[in-house]
Amino acid sequence: MLKELSKCQLCVNLDHVATLRQARQTSYPSLLEAATVVAGSRAAGVTLHLREDRRHVQDSDLSAISQWFPKKFNLEMSCHPEIVGICLQLRPEQATLVPERRQELTTEGGLDVLGFFDRIRDVTQKLKARGIWVSHFVEPDGQQIRRCADAGANAVELHTGRYAQAFLAGENVAAQLERLADAARYARSLGLAVYAGHGLTLQNVAAVAQLEYVTELNIGHGLVSHALFVGLAHAIEDFLRGMHKTHSAEHAVLPALSVR
């Protein structure tokens, strides 16, 4: 069953605006200006990932944007003590715990809540004690999602990378959507809010946006790439329209299966 389309919101990840700036170590393109465009759009908010190696977003970006940004501010972060301390001081509306490895190009795969449960639970509880809404970025896997709930997460963000890869390959798309739908249903049954993101583009976003229980998408690389040709404001509008358009029967969502 598909939910009402208007319920799925968009958070714009601006990391790759910072990536372009850091390529020359200049003051432009301005992350603050990009956030201003998001503030004036129909997007629900911004997402920024402060990595331990500071390869794109900088501490000063968080301080400058958080002081005035009028919409949702979602900080993606590892469980590293330094980053946790910054988040506790900054107190964004939402923190999303993600895995992080120095050698990776971008966040690859979901958080291993099963393997690092104690640490993730402790960080989750510290953040919640400061009034921060906590989401865990995980694979659409029932065991991982169960442990997110056990750790006290408010929400899960489902990693859509396998779906995006299947879409590009033109095979197993329905199976990957089914997996996401199943995971979303299970997460919601545990009382978790459900978000999704990674590898989403104008071509593949509709089916994920229309999954039952998914209320928010976090999109960065695909949106910023599109913005190179049409501008950031237009890119946001294009993605919002793309989220709500009817997707083809080939990529239709199948009935959800039980989570194992």
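To be clear, the structure that these remarks concern was listed above.
Residues numbered from 1 in each chain as written. Predicted model: local features only at pLDDT ≥ 70, side-chain atom pairs only at ≥ 80, totals over all residues. Heavy atoms only, no water.

1. Digging into the nonpolar core
If you look at soluble globular proteins, the nonpolar side chains tend to sit buried side by side.
And then number 1: Of all hydrophobic cores here, the largest spans 75 residues; its most connected members are L14, L127 and L217.
And then number 2: Filtering out sequence-adjacent residues up to four positions away, L217 remains in contact with C8, Q9, L10, C11, A196, L200, V205, V208, A209 and M243. (Core = buried A, V, L, I, M, F, W, Y, C linked by side-chain atoms within 4.5 Å. Buried < 20%, exposed > 50% of the residue type's maximum accessible area, 1.4 Å probe, protein only. Contact = heavy atoms within 4.5 Å.)

2. Things to note about a nonpolar patch on the surface
And then number 1: On the surface, L20, L228, F229 and V230 cluster together into a nonpolar patch covering about 450 Å² of accessible area.
And then number 2: The leading source of residues in the nonpolar patch is helix α10 (residues 221–230), at three residues.
And then number 3: Here V230 shows up in helix α10.
And then number 4: Residue V230 is classed as partly exposed on the basis of its relative accessible area of 32%. (Patch = residues over 30% accessible without salt bridge, like charges linked within 9 Å, V, L, I, M, F, W, Y side chains within 5 Å. Areas by Shrake-Rupley, 256 points an atom, 1.4 Å probe, with all protein chains shown as cover. Salt bridge = Lys/Arg side-chain N within 4 Å of Asp/Glu carboxyl O. Helix = DSSP H or I, 4+ residues; strand = E, 2+ residues; numbered from the N terminus.)

3. Some points on the packing of helix α6 (residues 142–151) against helix α8 (residues 173–189)
And then number 1: With their axes 10 Å apart at the nearest point, α6 and α8 run at an angle of 25° to one another. Classified by the angle their axes make, α6 and α8 are roughly parallel. Our pair here, α6 against α8, has a crossing hand that is right-handed. Within the contact between the two elements, α6 uses G142, I145 and R146 and α8 uses A183, Y186 and A187.
And then number 2: By residue class, the composition of the contact of α6 with α8 is four nonpolar, one polar and one charged. (Axes fitted to C-alpha atoms, helices over the stretch in contact; angles between N-to-C directions. Parallel < 35°, antiparallel > 145°, perpendicular 65-115°, else oblique. Left-handed = near helix turned anticlockwise from the far one by under 90°. Nonpolar A, V, L, I, M, F, W, Y, C, P; charged D, E, K, R; others polar.)

4. Regarding the packing of aromatic side chains
Two numbers describe a pair of aromatic rings. These are the distance of the centres and the angle of the planes.
And then number 1: Under the definition given, this model contains two aromatic pairs.
And then number 2: On the basis of an interplanar angle of 70° and a centroid distance of 5.6 Å, the ring pair of W68 and F69 is categorised as edge-to-face.
And then number 3: Classification of W68 as partly exposed rests on a relative accessible area of 34%.
And then number 4: The exposure class of F69 is buried, given its relative accessible area of 9%.
And then number 5: Above the plane of the ring of Y195 lies K72, whose end atom (NZ or CZ) is 4.7 Å from the centre.
And then number 6: The ring of F117 carries R147 above its face, with NZ or CZ at 3.7 Å from the centroid. (Phe/Tyr/Trp six-rings, centres within 6.5 Å; stacked < 30°, edge-to-face > 60°. Lys NZ or Arg CZ within 6 Å of the ring centre and 35° of its normal.)

5. A word on the layout of surface pockets
And then number 1: Size it by volume and the second largest pocket reaches roughly 320 Å³.
And then number 2: Together, 15 residues line the second largest pocket, and V17, L20, P29, V224 and L228 are the ones closest to its centre.
And then number 3: The element contributing the most residues to the lining of the second largest pocket is α10, with five residues.
And then number 4: Split into classes, the residues belonging to the lining of the second largest pocket amount to eight nonpolar, six polar and one charged. (1 Å grid on protein atoms, 1.4 Å probe; cavity = no way out; pocket = protein on both sides within 12 Å on 5 of 7 lines; lining within 4 Å. Points joined across faces, edges and corners; volume = space filled by probe spheres on them.)

6. Some thoughts on the sheet that holds strand β8 (residues 214–219)
And then number 1: If you walk around this closed barrel you meet the eight strands as β1-β2-β3-β4-β5-β6-β7-β8, and the pairing is parallel. Mean inter-strand twist for the sheet, computed between neighbouring axes without regard to direction, equals 25°. (Pairing = 2+ DSSP bridges.)

7. Regarding unusual backbone geometry
And then number 1: Of note, the bond from Y28 into P29 is cis; its omega dihedral lies within 30 degrees of zero at -5°.
And then number 2: Residue position: P29 is located in the loop between α1 (15–24) and α2 (31–39).
And then number 3: At H198, a position not held by glycine, the phi torsion is positive, near 115°.
And then number 4: Relative to the elements of secondary structure, H198 occurs in the loop between β7 (193–197) and α9 (205–209).
And then number 5: The residue Y213 is not glycine, and still its phi comes out positive at about 80°.
And then number 6: Here Y213 lies in the loop between α9 and β8.

By themselves these figures say nothing about function.
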